[in-house]
Amino acid sequence: MPSTRTFSAALAASTLLFAPTVAAQDGPGMRQIHPPTMVSLGFGLGDQTLEVNRGEFPSPSNNNLPGVISRSTDAMHMRLRAEHFFGNDFGVFANIYIGSADDINEDIGSTESSLDSSGFFLAAAYRATMDDDFRLPVRFGPFMQAIEIDDGNFTNGAITYSTIGVRLSAEPEFILWQTPDGDRISECSVFADLSCGAGPTNVEDDSNKEEAYSFTLSYELGLRYRFANGIFGGLSYFAQKYHIGTTESYRNQVFFGVDDDFNGIMLTAGLRF
């Protein structure tokens, strides 16, 4: 566990030098220095890119190229996250999200297409490292991720890809500075969130249902500022890849492998206490 530092005349200087400072026995306690609970709501805007991996089969709608790549610049990603650590540094974590992208197949001639995404991640968490200016929570547990691709040209309705598997994530966070305000602390920090997961996938439309295997990768890099009352805001770059392998029916040109990528800017607001 991190040691408690004593405020002195060096406090102001260390703050100006962007060195984290924490309190003595009569100042902010460990719960303020490293808050155990965080709840946040994030909203992201960016690009959604969809690639259909047709392998050896050409795509008649794309000049006989071996794959279809399309893109939507009108994509959104919204998430709700919550985490709490107990006194032994173990805790629980939850992340639920939804996303959507309009005109995802516009680049390949579709006049009406969309991609909707959703997922959750429920994990056991552990504060692997925690000292005066650094935190590193690690999370592991089950996740679900799904996308639904709808296009007016699909003869068998929308295609749904849904994965249930296990996921691992880590979120290193470096404290740039902490400023005391009575028994509370305001704080500025930079963070990175890295995550990967894998599992079996169900692929289906109105007429067919098969199985595949997939993996997902995501990363986020950003800046947070927490006010003394616990409210914080964040700005970050967020990217997520969802790769689904082909099913057996690709030989009949029904279900091909898919790469679904989102990247954009994420705005976050929440409470850390």
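Preceding this section is the structure that the text describes.
Thresholds applied
Position numbers for residues count from 1 along each chain, tracking the sequence in the order it is written. With the structure being a predicted model, the display of local features is reserved for residues of pLDDT at least 70 and the display and counting of side-chain atom pairs for 80 or more, all residues being used for whole-chain, interface and lining totals. Excluded from the side-chain calculation are hydrogens and water; included are all heavy atoms of the structure. Only DSSP runs of H or I reaching four residues or more are called helices, and only runs of E reaching two or more are called strands; each is numbered from the N terminus. Throughout this description, buried means an accessible area under 20% of the type-specific maximum (1.4 Å probe, protein chains only), exposed means over 50%, and partly exposed covers the range between. The contact criterion used is simple: two residues touch if any of their non-hydrogen atoms lie within 4.5 Å. In this description, accessible areas are obtained by the Shrake-Rupley approach with a 1.4 Å probe, and a residue is regarded as covered only by the protein chains that are shown. Classification of ring pairs uses Phe, Tyr and Trp, with its six-membered ring standing for Trp, and accepts pairs whose centres are within 6.5 Å; under 30 degrees between planes counts as stacked, over 60 as edge-to-face, and the remaining range as tilted. In plain words, nonpolar cores are sets of buried Ala, Val, Leu, Ile, Met, Phe, Trp, Tyr and Cys residues tied together by side-chain atoms within 4.5 Å. Two strands are counted as paired when DSSP detects at least two bridges linking them. Here, a salt bridge means any Lys or Arg side-chain nitrogen found within 4 Å of an Asp or Glu carboxyl oxygen. Whenever a nitrogen or oxygen atom comes within 3.5 Å of another N or O atom, the pair is scored as a polar contact, on the condition that within protein one atom can donate a hydrogen and the other can accept it, and that pairs from neighbouring residues in sequence are kept only if both atoms are in side chains.

*Asks:* Help me get a handle on the overall build of the protein, residues and values and all.
*Replies:* For the protein, the count of helices and strands is two helices and eleven strands. Taken from N to C terminus, the helices and strands of the protein fall in the order α-α-β-β-β-β-β-β-β-β-β-β-β. Scored against the burial criterion, the 273 residues of the protein give a buried share of 47%. The long-range fraction of contacts in the protein, counting pairs at least 24 apart against all pairs at least 6 apart in sequence, stands at 66%. If you sum the accessible surface of the protein, you get close to 13,200 Å²; carbon and sulfur atoms cover 60% of it.

*Asks:* Outline the environment of Asn 229, supporting the account with residue identities and numerical values.
*Replies:* Inspection of the secondary structure assignment puts Asn 229 in the loop between strand S9 (209–226) and strand S10 (231–244). Take Asn 229: its relative accessible area is 47%, and that puts it in the partly exposed class. In the structure, Asn 229 is positioned 48 residues away from Asp 181 in sequence and 9.4 Å away in space, judged by C-alpha atoms. In contact with Asn 229, other than residues within four places in its own chain, are Arg 184 and Leu 271.

*Asks:* Describe the packing of aromatic side chains, listing the residues and the values that go with them.
*Replies:* Inspection of every chain in the model, using the stated rule, returns five aromatic pairs. Relative to Tyr 237, the ring of Tyr 219 has its centre 6.2 Å away and its plane inclined at 45°; by these criteria the two rings are tilted. With Tyr 219 in strand S9 and Tyr 237 in strand S10, this residue pair connects regions lying 18 residues apart in the sequence. The class for Tyr 219 is partly exposed, based on a relative accessible area of 42%. Owing to a relative accessible area of 34%, Tyr 237 belongs among the partly exposed residues under this scheme. Relative to Phe 262, the ring of Phe 238 lies with its centre 6.2 Å away and its plane at 45°, an arrangement referred to as tilted. Of this pair, Phe 238 sits in strand S10 while Phe 262 sits in strand S11 (residues 257–272), and the two are 24 residues apart along the sequence. You'll find Phe 238 and Phe 262 in the same group, each marked buried.

*Asks:* Please provide a residue-by-residue account of the nonpolar core, values included.
*Replies:* One finds Leu 115, Ile 147, Tyr 161, Val 203 and Ile 244 to be the most contacted residues of the largest nonpolar core, which totals 18 residues. Residue assignment for this core shows that the elements contributing at least two residues are strand S5 (134–151), strand S6 (159–170), S10 and S11. Aside from chain neighbours lying at most four places away, what touches Ile 147 is Leu 115, Asp 116, Ser 117, Ile 159, Thr 160, Tyr 161, Tyr 242, Ile 244, Val 258 and Asp 260.

*Asks:* Which residues make up the pairing of S9, and what values do they have?
*Replies:* Of the pairings in the sheet, the one linking strand S8 (residues 184–204) to S9 comprises 18 bridges and is antiparallel in character. Residue Ala 198 lies in a different strand from S9, and its bridge partner there is Phe 215. Counting the residues between successive antiparallel strands, the hairpin from S8 to S9 contains four residues. For S9 and S10, the ladder comprises 13 bridges, and the chain directions are antiparallel. Each bridged residue has a counterpart across the sheet, and for Gly 222 the counterpart in S10 is Ser 236. Connecting S9 to the next strand, S10, in antiparallel fashion are four residues, including Gly 230 with a positive phi near 100°.

*Asks:* How would you explain the pairing of strand S3 (residues 90–102) if you had to name every residue and give the values?
*Replies:* A regular strand places its side chains so that they alternate between the two faces of the sheet. What you see with S3 is a clean split: Gly 91, Phe 93, Asn 95, Tyr 97, Gly 99 and Ala 101 sit on the buried side and Phe 90, Val 92, Ala 94, Ile 96, Ile 98, Ser 100 and Asp 102 on the side with no burial. Where S3 meets strand S4 (residues 113–131), 13 bridges bridge the pair, whose relative direction is antiparallel. Each residue of the ladder has a partner; that of Ile 96, found in S4, is Phe 120.

*Asks:* Give me the lowdown on the pattern of salt bridges, citing residues and values where you can.
*Replies:* With the rule as written, the count across this model stands at 15 salt bridges. Notably, a salt bridge pairs Arg 71 with Asp 47, separated by 2.4 Å at the nearest N-O pair. A residue pair is termed long-range when its members are at least 10 positions apart, and Arg 71 in strand S2 (residues 67–85) and Asp 47 in strand S1 (residues 37–53) qualify at 24 residues. When its relative accessible area of 41% is taken as the criterion, Arg 71 is described as partly exposed. The exposure class assigned to Asp 47 is buried, which follows from its relative accessible area of 18%. Glu 171 is the salt-bridge partner of Arg 81, the closest N and O atoms lying 3.6 Å from each other. Of this pair, Arg 81 sits in strand S2 while Glu 171 sits in the loop between S6 and strand S7 (173–181); the two residues are 90 residues apart in sequence, bridging distant segments of the chain. A cluster of three or more residues bridged by salt bridges with shared partners is formed by Arg 81, Glu 83, Arg 135, Arg 139, Glu 171, Glu 173, Glu 187, Asp 193, Arg 224, Arg 226 and Arg 272.

*Asks:* Can you break down the side chain of Thr 216 residue by residue, with the values?
*Replies:* By the element assignment, Thr 216 lies in strand S9. Relative accessible area serves as the criterion here: at 1%, Thr 216 is assigned to the buried category. At 3.2 Å, the side chain of Thr 216 forms a polar contact with the side chain of Gln 145. With residues near it in sequence (within four places) discarded, Thr 216 still touches Phe 143, Gln 145, Arg 167, Ser 195, Cys 196, Gly 197, Gln 240, Lys 241 and Tyr 242.

Everything listed is a geometric property; what it means functionally is a separate question.
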